[in-house]
Amino acid sequence: MSGEPTTQGRKAGNASHALEIAGRRLKPSTLMMGYGYDPRLSEGALKPPIFLTSTFVFESAAAGKRFFEGVTGQRPGGAEGLVYSRFNGPDQEILEGRLGVWEEAEDALSFSSGMAAISTVLLALVKPGDVIVHSSPLYAATETLIGRTLARFGVASCDFPAGAGPEEIEAAMRRAQAMGEIALVYLESPANPTNALVDLEAVKAARDRLAGPARPPIVIDNTFLGPLWAKPLRQGADMVVYSLTKYAGGHSDLVAGGALGSKALLEPIRALRNTIGTILDPHSSWMLLRSLETLELRMSRAGENAARVCAFLKDHPKVEQVGYLGFLDPASRQADIFRRHCAGAGSTFSLYLKGGEADAFAFLDALRIAKLAVSLGGTETLASHPASMTHLSVPGERKAQLGISDNLVRISIGVEDADDLIADLSQALDAV
Ligand SMILES: Cc1ncc(COP(=O)(O)O)c(C=O)c1O
C-alpha cells in the first residue's frame, strides 16, 4: 500500500487534507469537520478517537531511526511519524493542522496552557544579554515571566504602551538596541483591561527599519480577538500565540495553548517543547477539536450579543463608560488600527460604573445569569473586578496608568439570549 497514509494528522498527506474543491478555497468552518483526519485509519470512526497512549510502535528499526532524526533536529521538519506522546500524537497533530487553517499559518503547535505556549516560545528565542521589546500591559503572568523570570537569566526588556504611535514604537526599538540584541518583539492586542489595540503594521515597519541584519520576529498574543476577529499574520506578525483556554476552547472546561507561524520559526520551539514536555494532552486536544467545529458560531453569536449588551449599557445612568472596541471614535488612531487589523469588536469589554469598589461589588453580587469568575471567551457570560482580582498585585500607580480603577468591571459576553443578558445586567445595575 505504498503512498497510502498510515498516520492520522498532518503527516498523512491524505485526501481529507484537501483545502479546496474545484478551485474554491474551503472556509475554516467547513474544514473543522474533517481536515487532517481519515476515518479509514480509525475503523471508520466518524470522529477521531482519543489516542490514549504514551508511545507508538515503529514499523521497523529504520523507521524508528528516521523518526528520531526528526525529533532530535538532525533532520529538519520534525518527526515524520508518531514517536512518543511528549513529542507528538494523532489528536495533537489533527488539532495543530486545524489551528493553522484559521490563520493560514504554515505550521502550528499545541501546548498544555497558554502560558506553556508563551513560556516555550520565549525560552526558545532568547539567550542571556538579549532584549525583549514588548507592548504594555501584557497578561500578568507574561509580564512576570519577562520581567522577573527571564530577567534572572540576563534577558532584559523594554516596553511601549499598547496604543503607541510609530515614533514611540521606534524609540522603544532604539532604546532596546542600545541595551543588547533584540531577540523578539512581543505584542498583546488588545491589551487587557484597557482594550488598547497595538498598531502591528507600525511595529513591523519599525522592526524592518532596525539597523543590522537582525530581524527579530514579531510574536503576538491573539487570545482576545483570534482567530475570527483578528488574523495578525496578515499584518506582518511572524508568530501568533494563544491561550486556547478562551474562545478556541470556548466552554470554560479546558486549559490549552497554541503557537502558529512558519515551519522555520516554529522548529526551535517544537524542539524545546519536545525537551521540556509542554505539549497538550490527547484528551484536551480532542475536546478542542470539538470546540473548533463551533468556533465561528460561538464567536459570531457572542460578538452579536456583546454589541447588543454594550448598546444597552452605553447610555445607562449608572454607567460612566463602556470600553468596547465597537465604540471607538471614528476619527481616532485606535479606530484607524481597528479598521486595518480587526474584523469584529469581540465580546470582552470594560464597564466603568459610576462610583467605586462598593458599587462594582454590589453590581457583581447581584448578577444572576452572568457568573462572577475570571477568564473569558466561554459560552457563558463572566464578570470580574480586575482591581481586586486579576490585577490585585499591580502597584497603585501602575493601576491608575492602566485605567484599572475600583469602579471597573470586566465582562466577557457568552452565547446566551441577548435579551436575557440585558435583563440580568439591568437588574444588577438597579442593585447598585
Ligand atoms: C491574553 C492572555 N494570554 C495568555 C493567557 C494565559 O493563558 P492560560 O491561562 O491558558 O495559560 C491568558 C489567560 O487569561 C490571557 O488572557
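It should be noted that the structure appears before, not after, this text.
This report concerns the structure included in the present document. Just so it is clear, the model here is predicted, and its values are computed rather than measured.

1. A short note on the sheet that holds strand S8 (residues 239–243)
One key point about sheets: their strands pair by backbone hydrogen bonds, in either a parallel or an antiparallel sense.
Then, in step 1: Taken together, the 7 strands give an open sheet; going across it, the order is S3-S9-S8-S7-S6-S4-S5, and neighbouring strands pair in mixed fashion. Each edge of the open sheet carries a strand with a single partner, namely strand S3 (107–111) and strand S5 (156–161). Across the sheet, the axes of successive neighbouring strands diverge by a mean angle of 20°, strand direction being ignored.
Then, in step 2: Looking at chain direction, S8 and strand S9 (residues 257–261) are connected through 5 bridges and run antiparallel. Bridge assignment links Val241 to a residue of S9, and that residue is Ala259.
Then, in step 3: Each of S5, strand S6 (181–188) and strand S7 (218–221) touches helix H7 (residues 200–208); the most contacted strand, S7, lies at about 160° to it.
Then, in step 4: Along the sheet, helix H8 (residues 263–276) contacts S3, S8 and S9; its crossing angle with S3, the most-contacted strand, is approximately 25°.

2. Quick word on empty space enclosed by the protein
Then, in step 1: The final tally for this structure, using the stated rule, is 5 cavities of 30 Å³ or more.
Then, in step 2: The calculated volume of the largest cavity comes to roughly 80 Å³.
Then, in step 3: Lining the largest cavity are 13 residues, and of these Ser189, Ile220, Ala230, Pro232 and His341 sit closest to its centre.
Then, in step 4: Broken down by class, the residue content of the lining of the largest cavity amounts to 9 nonpolar, 4 polar and no charged.

3. Thoughts on the site of the ligand
Then, in step 1: The immediate surroundings of the ligand are formed by 13 residues, with Met115, Asp221, Ser243, Thr245 and Lys246 found nearest.
Then, in step 2: Note that a nitrogen atom of the ligand is positioned 2.6 Å from one of the side-chain N or O atoms of Asp221.
Then, in step 3: Thr245 has a polar side-chain atom sitting 2.6 Å from an oxygen atom of the ligand.
Then, in step 4: Computed on the free molecule, the ligand has an accessible area of 390 Å², of which 90% lies beneath the protein chains in the complex.
Then, in step 5: Class assignment for the residues of the shell around the ligand results in 5 nonpolar, 5 polar and 3 charged.

4. Considerations on the pairing of S3
Then, in step 1: With 5 of 5 residues buried, S3 is to be regarded as a mostly interior element.
Then, in step 2: Because side chains alternate across S3, one face comprises the buried residues Asp107, Leu109 and Phe111, and the other comprises Ala108 and Ser110, equally buried.
Then, in step 3: Alignment of S3 against S9, held across 5 bridges, turns out to be antiparallel. Within S9, the residue paired with Phe111 across the bridge is Gly257.

5. Overview of unusual backbone geometry
Then, in step 1: In this model, Asn192 is joined to Pro193 through a cis peptide bond whose omega is 5°.
Then, in step 2: Looking at the secondary structure, you find Pro193 in the loop between S6 and H7.
Then, in step 3: Here Gly226 and Pro227 are connected by a cis peptide whose omega angle stands at -5°.
Then, in step 4: Tracing the backbone through its elements, the reader meets Pro227 in the loop between S7 and S8.
Then, in step 5: Located in the positive-phi region is Glu104, a residue other than glycine, with phi close to 50°.
Then, in step 6: For Glu104, the position within the fold is in the loop between helix H3 (90–103) and S3.
Then, in step 7: Of note, Ser375 is a non-glycine position whose phi angle comes to about 100°, a positive value.

Conventions adopted
- Residues numbered from 1 in each chain as written.
- Predicted model: local features only at pLDDT ≥ 70, side-chain atom pairs only at ≥ 80, totals over all residues.
- Heavy atoms only, no water.
- Pairing = 2+ DSSP bridges.
- Helix = DSSP H or I, 4+ residues; strand = E, 2+ residues; numbered from the N terminus.
- Axes fitted to C-alpha atoms, helices over the stretch in contact; angles between N-to-C directions.
- Contact = heavy atoms within 4.5 Å.
- 1 Å grid on protein atoms, 1.4 Å probe; cavity = no way out; pocket = protein on both sides within 12 Å on 5 of 7 lines; lining within 4 Å.
- Points joined across faces, edges and corners; volume = space filled by probe spheres on them.
- Nonpolar A, V, L, I, M, F, W, Y, C, P; charged D, E, K, R; others polar.
- Near = heavy atom within 4 Å.
- Polar contact = N/O pair within 3.5 Å; in protein donor to acceptor, adjacent residues only side chain to side chain.
- Areas by Shrake-Rupley, 256 points an atom, 1.4 Å probe, with all protein chains shown as cover.
- Buried < 20%, exposed > 50% of the residue type's maximum accessible area, 1.4 Å probe, protein only.

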